[in-house]
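# Reading the structure
Each chain, letter by letter, is given below.
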Amino acid sequence: MQGKCPQKKSIFDLHHCGLKVFLLGLVLSCYSVAVQAAEMEVIDVALTSDIRSTDPGVNRDANTDTVMMHVLEGLVAYREDGSTGPLLADFVDISEDEKTYTFHLRSGVRFHNGDLLKAEHVVWTWKRYLDPATGWGCLASFDGSNGDKIESIEAVGDDAVVFKLNHPQPMFLSQMAVIHCGASGIIHPSSLNADGSWNRPVATGPYMLGKWVRGQYIELDAFADYQSRVEPRDGNTGGKIAYATKIKWLIIRDSAARLAALSKGQVQAMPELPAAEMLQVRRMHNVQIISKPMLVNYGILIQDRDTLLSDVRMRKALAMSIDRTTVASLVTEDVGVANASVIPSSSVFHSDIQKQSDGFHPDRVKRILDEIGYKGQPIKLVTNRRYPAMFNQALLVQAMARQAGINIELEVIEWATQIDRWRSGNYQLMSFGYSARADPYFNYQSILGDRDANKTKLWDKPEAIDLLAESARVSDPDKRQQLFNELHTLMIEDCPIIVLYSLSDVNAVRTSIKGFNSWVFGRARFWGVKRMEEGS
């Protein structure tokens, strides 16, 4: 029997018993301290859904990007302000004709399997990205499909790699750092199975993939041999210190369950907090909201190859039936900004021209509908419940359009199915949100291009394609601003998409989490972040 003493004992026995109780208490106390210390080593994060894969930039979504950015590192990466800085590269030499980039690798960087990073690994990784069989989502930015092409990649010894381009590409480094491209992360050949199929990432990041139980959780373990840069943390580059030995991403699809887990401290962070949950989070003790405007837009994609929507008057009538200010306010709890441009409102290129739109004119819509002979044919608007902002904006657009005389029917499907429909162009309207882009060139590139070759494109006006190509060839900010303004004017005329608002990155974290910051790309980062005792 432990913890209790007999009723009648000698002084020695009582002292002996007291000593046992004391020692038991000491053991329990030490055990409690050890458990608490172990808990401080783990940061538990709520995810709304599982990641799609671990293959960089191949099968991904926002959650996939967020998790994998702790594992993957490219030659360069985005800084806090969206500019590009070196990461695995120590520095980069650019030739006078701007067609040759030489990346000098940092010394002492190791892969998660212990092997040293060498130039041959960079060449191998990039040749895999450029192989169409890989299915890399950003291949078109480098294989000449959009005009820009990598002509060759060669190792120079163990610590330098030379990329030769077909012509000067001012956006080259920025394109390499794009997060939804897996940041062009460098991986070890052992990431593949013997038959060449994908296995798991063996990369160089501060965390490495631990255990992934699909549909339940993903564990990332701190990489003990990580070679951090010496600079302060700066976006996706700079110093990356893995203070927590483990990050556990828990898949909690149900909104109420996520909030309960946060309130009880079972998770310490909830990235991308939906507006509908903000009011409840604000009432929680020991929980704070950390937010920042980001380079993200939400809107309605239009399939203008549909018979009804091929008439630009129909598309513009729909645009004029929507009050963007109301949509932005209601969907984002006033943290979003109404915006008609594909350039996010927080971008330095979001000029007064970018603020122009067809406006909110429901009174004009009926006249336009009469002109084109619209008889109330239903138009399907695809949306999903995984991302509340997409679902809620779809509801509002449906209501506003109906008020103006346009019959929209919602088609609510699983997110994975919606992504497949987006990739195949199989929809009339789609409620959607684009990941953050560092430069307006990438914003326009996401909707503009060869629609036969890439069904995710919405717009293929030759004049606009030429303007976009020119914006990639010039570096003067004023000239680029002029080009982007011209693009916006053309986009308003053709109405291939109805941009609704720019979003902010809103995160709920317990006060025990120190060092967490939002940023313009809206991807939660947990390097440089500590978990302390509650209230410390």
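Scoring rules and cut-offs
- Here the residue numbers are simple positions, counted from 1 along each chain's written sequence.
- Residue-level local features of this predicted model are given only where pLDDT is at least 70; pairs of side-chain atoms are given and counted only at 80 or more, and the full residue set underlies all totals for whole chains, interfaces and linings.
- Water and hydrogen atoms play no part in the side-chain values, which are based on all heavy atoms of the structure.
- UniProt positions are given in the numbering used here, feature names are shortened, and annotations may be inferred rather than shown by experiment.
- Think of a 1 Å grid over the protein atoms and nothing else: a 1.4 Å probe that fits but is trapped marks a cavity, an open set flanked by protein within 12 Å on at least five of seven lines marks a pocket, and residues with an atom within 4 Å of a point count as lining.
- Grid points are joined across faces, edges and corners, and a volume is the space filled by probe spheres set on the points.
- Only DSSP runs of H or I with at least four residues qualify as helices, and only runs of E with at least two residues qualify as strands; both kinds are numbered from the N terminus onward.
- Three classes are used: nonpolar for Ala, Val, Leu, Ile, Met, Phe, Trp, Tyr, Cys and Pro, charged for Asp, Glu, Lys and Arg, and polar for all others, with Gly counted as polar.
- The buried label goes to any residue with under 20% of its type's maximum accessible area, the exposed label to any with over 50%, and the partly exposed label to all in between, with areas taken from a 1.4 Å probe on protein chains only.
- Whether two strands pair depends on DSSP finding at least two bridges between them.
- It only takes one pair of heavy atoms within 4.5 Å for two residues to be counted as in contact.
- Two cysteine sulfur atoms form a disulfide, by the criterion used here, when they sit within 2.5 Å.

As recorded in an unreviewed UniProt entry, the chain goes by the name ABC transporter substrate-binding protein, listed as coming from Kordiimonas pumila. Quoted straight from UniProt, the Subcellular location (unreviewed entry) entry for the chain says "Periplasm".

### With respect to the layout of surface pockets
Considered as a void within the structure, the second largest pocket measures approximately 510 Å³ in volume. Around the second largest pocket sit 25 residues that line it, and Gly82, Phe349, Ala438, Asp439 and Arg480 are the ones nearest its centre. Secondary structure elements with two or more residues in the lining of the second largest pocket: helix 12 (440-445) and helix 14 (477-494). Partitioning the lining of the second largest pocket into residue classes produces 12 nonpolar, eight polar and five charged.

### Let's talk about the pairing of strand 7 (residues 160-165)
Most of strand 7 sits out of view: five of its six residues are buried. As defined by bridge partners, strand 5 (residues 100-105) adjoins strand 7 across five bridges and the pair is classed as antiparallel. Across the sheet, residue Thr100 finds its bridge partner in strand 7, namely Lys164. Bridge count between strand 6 (residues 150-155) and strand 7: five bridges; the pairing is antiparallel. By the bridge assignment for strand 7, Ile153 is matched with Phe163. Taken together, strand 6 and the strand that follows it, strand 7, pair antiparallel across an intervening segment of four residues, in which Gly157 is found at a positive phi of about 70 degrees.

### Thoughts on the environment of Leu47
Mapped onto the elements, Leu47 comes out in strand 1 (residues 42-47). Leu47 sits in the buried class, given a relative accessible area of 3%. The sequence separation of Leu47 and Pro271 amounts to 224 residues, and the corresponding C-alpha distance is 7.4 Å. Sequence-distant contacts of Leu47, defined by excluding residues within four places in its chain, comprise Asn63, Val67, Ile218, Trp249, Leu250, Ile251 and Ile252.

### Notes on the state of the cysteines
Applying the stated rule across the entire model yields one disulfide. Across a sulfur-sulfur distance of 1.9 Å, Cys138 and Cys181 are joined as a disulfide pair. Between Cys138 and Cys181 the sulfur-sulfur dihedral comes to about -85 degrees; the bridge is accordingly left-handed. A residue pair is termed long-range when its members are at least 10 positions apart, and Cys138 in the loop between helix 3 (119-129) and strand 6 and Cys181 in the loop between helix 4 (172-176) and strand 8 (207-213) qualify at 43 residues. Residue classification places Cys181 among the buried positions, given a relative accessible area of 0%.

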